[in-house]
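Spelled out from the first residue to the last, the chains are:
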Protein chains: 2
Amino acid sequence: MQAQVQNPGKPAASNVRRAAFPSILPDNSVAFRVHAPNAQKVQIDLGRKYDLVKKDGGFWEGTTDPQSEGFHYYSLVIDDVAVCDPSSETYFGMSRMASGIEIPYPAGTNQFYIADVPHGDVRMKRFFSKTSNEWRRMYVYTPPGYDTSGKKYPVLYIQHGGGEDERGWAEQGRTDIILDNLIANKQAVPMLVVMSDGNTQDFESELLNDCIPFVEKNFRVKADRVNRVLAGLSMGGIQTLNTGIAHPELFSSLGVFSSGWFANASPMTSNMDNPEKYYTMLKEKKDLYNRQFNHFWLSMGGKEDIAYNNCQVMMKRFDEIGIKYTYYEYPGGHTWPVWRESLYRFAQLLFK
Amino acid sequence: MQAQVQNPGKPAASNVRRAAFPSILPDNSVAFRVHAPNAQKVQIDLGRKYDLVKKDGGFWEGTTDPQSEGFHYYSLVIDDVAVCDPSSETYFGMSRMASGIEIPYPAGTNQFYIADVPHGDVRMKRFFSKTSNEWRRMYVYTPPGYDTSGKKYPVLYIQHGGGEDERGWAEQGRTDIILDNLIANKQAVPMLVVMSDGNTQDFESELLNDCIPFVEKNFRVKADRVNRVLAGLSMGGIQTLNTGIAHPELFSSLGVFSSGWFANASPMTSNMDNPEKYYTMLKEKKDLYNRQFNHFWLSMGGKEDIAYNNCQVMMKRFDEIGIKYTYYEYPGGHTWPVWRESLYRFAQLLFK
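**Q** Can you lay out the state of the cysteines for me, pointing to particular residues and giving the numbers?
**A** Taken as a whole and assessed by the stated rule, the structure comprises 0 disulfides over all chains. Of all cysteine sulfurs, the one in A:Cys84 lies closest to B:Cys84, which takes part in no disulfide; the gap is 4.8 Å.

**Q** Can you break down helix H8 (residues 308-321) of chain A residue by residue, with the values?
**A** Residues and elements named next belong to chain A. For H8, which comprises 14 residues, the first-to-last C-alpha distance of 20 Å matches the rise-based estimate of 20 Å (1.5 Å per residue) to within 8%. All buried positions along H8 are accounted for by Tyr308, Asn310, Cys311, Met314, Met315, Phe318 and Ile321. For H8, the angular spread of the buried residues around the axis is 155°, confining them to a single face. Those residues of H8 that are exposed and aimed more than 90 degrees away from the buried face are Lys316, Asp319 and Glu320.

**Q** Run through empty space enclosed by the protein, naming residues and quoting values.
**A** Summed over all chains, the structure comprises 4 cavities of 30 Å³ or more. Here the largest cavity defines a volume of roughly 60 Å³. Lining of the largest cavity is provided by A:Met124, A:Arg126, A:Arg137, B:Val122, B:Ala170, B:Glu171 and B:Asp176. The set of elements that each furnish at least two residues to the lining of the largest cavity consists of strand E12 (121-129) of chain A together with helix H2 (168-171) of chain B. For the lining of the largest cavity, the residue count by class is 3 nonpolar, no polar and 4 charged.

**Q** Residue-level account of the relation of the copies chain B and chain A, with values.
**A** Here two copies of a chain appear, and what relates them is a rotation about an axis with a shift along it. Screw-axis analysis of chain B against chain A gives a translation of 0.0 Å along the axis, an RMSD of 0.0 Å, and a rotation angle of 180°. Both copies of the chain, as the preceding transformation shows, are related through a two-fold rotation axis. Taking the C-alpha atom as reference, chain B places B:Arg123 closest to the rotation axis, 2.1 Å from it. Taken as a fraction of all interface residues of chain B, those also at the interface in chain A reach 100%, which identifies the copy contact as same-surface.

**Q** Help me get a handle on the packing of helix H3 (residues 175-184) of chain A against helix H9 (residues 336-349) of chain A, residues and values and all.
**A** All names here are of chain A. In the contact formed by H3 and H9, the axes pass within 10 Å of each other and the chain directions differ by 35°. For the element pair H3 and H9, the recorded crossing hand is right-handed. Only Arg340, Leu343, Tyr344, Ala347 and Gln348 of H9 make contact with H3, whose side of the interface consists of Thr175, Ile178, Leu179 and Leu182. The class makeup of the residues in the contact of H3 with H9 is 6 nonpolar, 2 polar and 1 charged.

**Q** Can you break down the nonpolar core residue by residue, with the values?
**A** Grouped together as the largest cluster of nonpolar side chains are 76 residues, with contacts concentrated most on A:Leu156 and B:Leu156. Ranked by size, the runner-up nonpolar core spans 43 residues in total, among them A:Leu192, A:Val215, A:Tyr278 and A:Phe293.

**Q** Tell me what's going on with the sheet that holds strand E7 (residues 59-63) of chain A, and back it up with residues and numbers.
**A** Residues and elements named next belong to chain A. Ordered in space as E1-E2-E3-E7-E6, the 5 strands form an open sheet in which the pairing is antiparallel. For this open sheet the edge positions go to strand E1 (10-11) and strand E6 (53-54), each flanked by a neighbour on one side alone. Taken together, the 2 bridges between strand E2 (residues 23-24) and strand E3 (residues 30-35) define a ladder with antiparallel strand orientation. Across the sheet, Ile24 pairs through a bridge with Val30, a residue of E3.

**Q** I'd like to hear about the pairing of strand E11 (residues 96-103) of chain B, residue by residue, with values.
**A** Residues and elements named next belong to chain B. Within E11, 8 of the 8 residues are buried, which leaves it mostly tucked inside the rest of the structure. Of the pairings in the sheet, the one linking strand E10 (residues 90-93) to E11 comprises 4 bridges and is antiparallel in character. By the bridge assignment for E11, Thr90 is matched with Ser99. Here E10 hands over to E11 after 2 residues, with Met94 in that stretch at a positive phi of 55°.

**Q** Could you give me a rundown of the side chain of A:Asn28, with the residues and numbers involved?
**A** With respect to the helices and strands, the residue A:Asn28 is situated in the loop between E2 and E3. Those residues in contact with A:Asn28, other than ones at most four positions away along the chain, are A:Asp65, A:Pro66, A:Gln67, A:Ile103 and A:Pro104.

**Q** Describe the environment of B:Tyr328, and please don't skip the residues or the numbers.
**A** Residue and element names in this part refer to chain B. Of note, Tyr328 is situated in strand E19 (residues 326-329). Along the sequence, Tyr328 and Phe346 sit 18 residues apart, while their C-alpha atoms lie 9.9 Å from each other. The residues contacting Tyr328, other than those within four sequence positions of it, are Trp297, Leu298, Ser299, Met300, Glu341 and Arg345.

**Q** Account for the interface of chain B and chain A, with residues named and values stated.
**A** On the side of chain A, 45 residues touch chain B, which itself brings 45 residues to the contact. Where chain B abuts chain A, roughly 4,000 Å² becomes buried across the two surfaces, and 51% of that area is made up of carbon and sulfur atoms. Looking only at chain B, the three residues that lose the most surface to chain A are B:Arg17, B:Met124 and B:Arg126, adding up to 17% of its buried area. Summed over the shared surface of chain B and chain A, the result is 14 salt bridges. Linking B:Asp147 and A:Arg123 is a salt bridge whose minimum nitrogen-to-oxygen distance equals 2.9 Å. Where chain B meets chain A, there are 19 residue pairs in polar contact (both at pLDDT 80 or more). If you list the elements that add at least two residues to the side of chain B that touches chain A, you get strand E9 (81-83), E10, E11, strand E12 (121-129), strand E13 (134-142) and helix H3 (175-184) of chain B.

**Q** Which residues make up the packing of aromatic side chains, and what are the values?
**A** As enumerated under the stated definition, the model contains 50 aromatic pairs over all chains in all. An aromatic cluster of three or more residues is present, and its members are A:Trp261, A:Tyr278, A:Tyr279, A:Tyr289, A:Phe293, A:Phe296, A:Phe318 and A:Tyr325. In this structure, B:Arg33 is placed above the aromatic ring of B:Phe59, and the distance from its NZ or CZ to the ring centre is 3.7 Å. Positioned above the aromatic ring of B:Tyr279, the side-chain terminus of B:Arg317 is 3.9 Å from the ring centre.

**Q** Residue-level account of the sheet that holds strand E7 (residues 59-63) of chain B, with values.
**A** All names here are of chain B. Pairing is antiparallel in the open sheet, where 5 strands are placed in the order E1-E2-E3-E7-E6. Strands with a single pairing partner mark the edges of an open sheet, and in this sheet they are strand E1 (10-11) and strand E6 (53-54). Sheet topology places E6 next to E7; 2 bridges connect them, and they run antiparallel. The residue of E7 that forms the bridge with Val53 is Glu61.

**Q** A description of the side chain of B:Arg137 should follow, citing residues and the corresponding values.
**A** Tracing the backbone through its elements, the reader meets B:Arg137 in strand E13. Judged by its relative accessible area of 15%, B:Arg137 falls in the buried class. Engagement of the side chain of B:Arg137 in a polar contact is seen with the side chain of B:Tyr139, the distance being 3.3 Å. A distance of 3.0 Å separates polar atoms of two side chains, one belonging to B:Arg137 and the other to B:Glu166. Ignoring sequence-local partners within four residues, the contact set of B:Arg137 consists of A:Glu171, B:Met124, B:Lys125, B:Arg126, B:Phe127, B:Glu166, B:Arg167 and B:Asp197.

**Q** Run through the pattern of salt bridges, naming residues and quoting values.
**A** Counted under the stated rule, the structure contains 44 salt bridges over all chains. The salt bridge partner of A:Arg126 is B:Asp176, with a shortest N-O separation of 2.7 Å. In this pair, A:Arg126 sits in strand E12 while B:Asp176 sits in helix H3, so the two residues belong to two different chains. A relative accessible area of 23% means that A:Arg126 is categorised as partly exposed. Taking the relative accessible area as the measure of exposure, B:Asp176 reaches 5% and is therefore buried. Where B:Arg136 meets B:Glu206, a salt bridge forms, and the shortest distance between an N and an O atom there is 2.5 Å. Taken as a pair, B:Arg136 in strand E13 and B:Glu206 in helix H4 (residues 203-218) lie far apart in primary sequence, 70 residues in all. Look at the salt bridges and you will find they share partners, linking A:Asp121, A:Arg123, A:Lys125, A:Asp147, B:Asp121, B:Arg123, B:Lys125 and B:Asp147 into a network.

Analysis parameters
Residues numbered from 1 in each chain as written. Chains lettered and ligands numbered in written order. Predicted model: local features only at pLDDT ≥ 70, side-chain atom pairs only at ≥ 80, totals over all residues. Heavy atoms only, no water. Disulfide = S-S within 2.5 Å. Helix = DSSP H or I, 4+ residues; strand = E, 2+ residues; numbered from the N terminus. Expected span 1.5 Å × (residues − 1). Buried < 20%, exposed > 50% of the residue type's maximum accessible area, 1.4 Å probe, protein only. Arc of directions from axis to C-beta. 1 Å grid on protein atoms, 1.4 Å probe; cavity = no way out; pocket = protein on both sides within 12 Å on 5 of 7 lines; lining within 4 Å. Points joined across faces, edges and corners; volume = space filled by probe spheres on them. Nonpolar A, V, L, I, M, F, W, Y, C, P; charged D, E, K, R; others polar. Least-squares fit on C-alpha atoms with pLDDT ≥ 70 in both. Contact = heavy atoms within 4.5 Å. Axes fitted to C-alpha atoms, helices over the stretch in contact; angles between N-to-C directions. Left-handed = near helix turned anticlockwise from the far one by under 90°. Core = buried A, V, L, I, M, F, W, Y, C linked by side-chain atoms within 4.5 Å. Pairing = 2+ DSSP bridges. Buried area = accessible area lost by both parts, 1.4 Å probe. Salt bridge = Lys/Arg side-chain N within 4 Å of Asp/Glu carboxyl O. Polar contact = N/O pair within 3.5 Å; in protein donor to acceptor, adjacent residues only side chain to side chain. Phe/Tyr/Trp six-rings, centres within 6.5 Å; stacked < 30°, edge-to-face > 60°. Lys NZ or Arg CZ within 6 Å of the ring centre and 35° of its normal.

In structure tokens form, the structure reads like this:
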């Protein structure tokens, strides 16, 4: 019934088939129209909440402020219950299936759109984790030509954030599209990208004893430190820091997106969250780390990123110790557009 | 906050992490508990609607009748708006992302559960469809050993139902688990299963001119009629009938699950829905069809399946013409447990 209404913009690319709303206006504000004749209150939560207004026929309507480019989670809120919008695709985020909206990138920003170039695969792989004692799933990007080249490839292991899972980098992150485009343009070397599920009690053990051995057994990969890189966003960035610093013998670069050890850790902070043991390692083997990591790459979504302060404090500690790193800022806060951009830039540095 | 409540059963396997409800009781009834302090009415729609009752703390609770085994779509209904339940995984069905609940199978029904056997992959493949003039996606199951065997494999092309897409057979259908188990037990021969997106204006052209050539170019498959089979459920069953009968030179078996041409087609019925031209083909080349199709296999979810009557009328016409087929009934109506069982049985017949 939505399609009969005059639509002020264009349906979002993230809408399900035939859903006219949410609709993106030329200034990237978003018009919503929801049928809820018996609700008392209908809102859209896009980081800030917008009240929709009840109109004829039981429809609630409203338009947001202009939104920034790329992918954003959102919720439809019906009488204070936050749920997925039936008009949109869903994505695992916020520890539940959540709605997402794709805001167009500015003209010329082609790296995040599917193009007429060779395409790799994203494979869903089931594996049994001895660490977690359960069947788990990883998504693995294999580059164009993988099936027939007979070659071995380097591997980027990349982790999602808190409340997300192995689907995050493939769906929200558009990892395959970003890599396909980079490889076609010879901006990145062909590589595998392993997107595993970081929701586990012991990330380091599962990565080292389950994920990496599984990948190195089941794919044609170069199974050495030089050809193995670890990266992650937010919670996955902390997992990357903890595991990467504890095992410089395993990884040749680290990518830490919108993250940083907790600045205010105390002796009471949990083991995962207390960085002091890692700072001690860095101090004791400063030269080793500076030699081992070709790229110790930190990115941040600007001052509005919730991890900004943690990262600033961490970099100050790195400076004091003498650890080399690269810091890159891209506006957008703690959001997927920043992480897509981070992957786009980080992948270009690797295995060269 | 749900986890603190005493839980009368076990969280459904289809719940998101850490969601205690929906919870499955020993008799396969399902307890729901939803936090919605400001809603006026909260219901669960599982084919029939159940009213939840408001309890302390803004929680709404209720328990359904015992549910049948396997996967069922459902909706959370808040003040008459049907949405996904934030506690559950979502699945594209009903032309939107929908909740689903996995009811345990009886003991000994192991064919639908992941087991310690070799596992194939499900690959997400992007391809450009000239027929639809857009980038589309298919899911392709490759059997265990595909990467390294150097062998060529037969292919089952299988279609989802109305309101679903290429994800249906992989997620709701558990195609990879069913095939992994069948292949490990030597009940089915290793094969590829291509799950394409049937939401297109011209299914036959897209299958024949885009999907099949793409698969035969990009995978090691036996590209001949004997090693190519078409199947589908509901809408996908009609697509299978239409395309399979129009092209007996292309397929060696057909599988039609919970489907059948419309019994009450009239001259005004759309081209896709009017079967008379296909009945005419069958009459004119009865012997050819009986010779070409090793298996013309029809399955139905019993009398409660919405396609039951269409299928009965169709089989009567087949009998009158003298077309050979096999009919298999499995109770459960027009639902995924019936289609999983159909794939499980049909796959065992193929390429032998």
